[in-house]
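# Coordinates in review
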Amino acid sequence: MSPKTIISVKDLHKSYGDFKAVQGISFEVFEGEIFGLLGPNGAGKSTTLEIIETLRQKTSGEVIVDGMDLDKSPEAIKKIIGVQLQSSGFYPNLNLTELIHLFVGLYQNKVDAIELLKKVNLEDKAKAKYKELSGGQKQRFSIATTLINNPKIIFLDEPTTGLDPQARRNLWELIKEIRDNGTTVIITTHYMDEAEILCDRVAIVDSGKIISINTPNALIDELVATGFEKVKEVKKANLEDVFIHLTGKEWREE
Ligand code: ADP
């Protein structure tokens, strides 16, 4: 069965004054996949995603989300997506239940706060203030807030930056679980190991253009087929394996 396209971007351009931040980007995201947008800082990833999220105006191009044209139906698109806010958007002194009620109010949607916290394994933190959470818990909570309106698509912006190896792995499992429950996930990350493990497909963006798009495996095979070889001999384990072996997979700071 061929995959169903849930996001289609065609020839997207965005200029800030004379500066062309996005220069003719086209790609498709398939329903039910984890799609990674990779690229150095300034490549145009956030600009592209914020246009799809209806938060920024494009200069030109076509964006279709779940069959809806961004130019005609931005409000309808907003209803089926969830966008991860940077943590600075949370009130540190409110507890998680209060924060969810605040968000639910914004979405005018009925949500069981405990059910939502259960989805990200934070039900026992329902009465904890946001500022009392560990880094990994804060990230899980911010992912929970993207799920409030039962979205078809969620956008995660560098969700594991600054986390310890245990918390990163735990978050990968959570993101895979969200995908397996039917939500399409779009993610940006600077960690290539993370993209390789987590993403079904990735697009590599540089200077406002997509320079490659495929599954991580196919991209690696393409490079190897050119005769590329790693300079260093690859060992059977790396330092991260040592770290996890010694300190375990269990959550910390709980
Ligand atoms: P990325 O997310 O890949 O780091 P961005 O989309 O944030 O890239 O930025 C792409 C380019 O556009 C960068 O050179 C950035 O400085 C520029 N840019 C982003 N937002 C603005 C803005 N509001 N005004 C002017 N230039 C901007």
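The structure we're discussing is the one just above.
A few points on the structure. Model, not experiment: these values are computed from the prediction. (Residues numbered from 1 in each chain as written. Predicted model: local features only at pLDDT ≥ 70, side-chain atom pairs only at ≥ 80, totals over all residues. Heavy atoms only, no water.)

Now for the site of the ligand. In the vicinity of the ligand, the residues found are Tyr-16, Phe-19, Ala-21, Pro-40, Asn-41, Gly-42, Ala-43, Gly-44, Lys-45, Ser-46, Thr-47 and Arg-56. The contact in question runs from an oxygen atom of the ligand to an N or O atom on the side chain of Ser-46, over 2.6 Å. Considering the ligand on its own, with 560 Å² of exposed area, one finds that the protein chains cover 60% of that surface. Elements represented by at least two residues in the shell around the ligand include exactly β2 (19–30) and α1 (45–52). For the shell around the ligand, the residue count by class is five nonpolar, five polar and two charged. (Near = heavy atom within 4 Å. Polar contact = N/O pair within 3.5 Å; in protein donor to acceptor, adjacent residues only side chain to side chain. Areas by Shrake-Rupley, 256 points an atom, 1.4 Å probe, with all protein chains shown as cover. Helix = DSSP H or I, 4+ residues; strand = E, 2+ residues; numbered from the N terminus. Nonpolar A, V, L, I, M, F, W, Y, C, P; charged D, E, K, R; others polar.)

Following the sequence through the fold, Arg-168 ends up in helix α6 (residues 165–180). On the basis of relative accessible area, Arg-168 is assigned to the buried category, the value being 8%. With residues near it in sequence (within four places) discarded, Arg-168 still touches Thr-160, Leu-163, Tyr-191, Asp-193, Glu-194 and Glu-240. (Buried < 20%, exposed > 50% of the residue type's maximum accessible area, 1.4 Å probe, protein only. Contact = heavy atoms within 4.5 Å.)

Running from amino to carboxyl end, α6 crosses helix α9 (residues 239–247) at an angle of 95°, the nearest separation of the two axes being 10 Å. Relative to α9, the element α6 is oriented roughly perpendicular. Contacts between α6 and α9 pair Pro-165, Gln-166, Arg-168 and Arg-169 from the former with Glu-240, Phe-243, Ile-244 and Thr-247 from the latter. In the contact of α6 with α9, the residues fall into three nonpolar, two polar and three charged. (Axes fitted to C-alpha atoms, helices over the stretch in contact; angles between N-to-C directions. Parallel < 35°, antiparallel > 145°, perpendicular 65-115°, else oblique.)

So, on to the packing of aromatic side chains. Counted under the stated rule, the structure contains two aromatic pairs. Measuring from centroid to centroid gives 5.4 Å for Phe-27 and Phe-35, while their planes differ by 5°, and the two rings are stacked. Measuring from centroid to centroid gives 6.2 Å for Tyr-130 and Phe-141, while their planes differ by 55°, and the two rings are tilted. A residue pair is termed long-range when its members are at least 10 positions apart, and Tyr-130 in the loop between α4 (113–119) and α5 (135–146) and Phe-141 in helix α5 qualify at eleven residues. On the basis of relative accessibility, which here comes to 5%, the residue Tyr-130 falls in the buried class. On the basis of relative accessibility, which here comes to 0%, the residue Phe-141 falls in the buried class. Its end group placed over the ring of Tyr-130, Lys-138 keeps NZ or CZ at 5.5 Å from the ring centre. (Phe/Tyr/Trp six-rings, centres within 6.5 Å; stacked < 30°, edge-to-face > 60°. Lys NZ or Arg CZ within 6 Å of the ring centre and 35° of its normal.)

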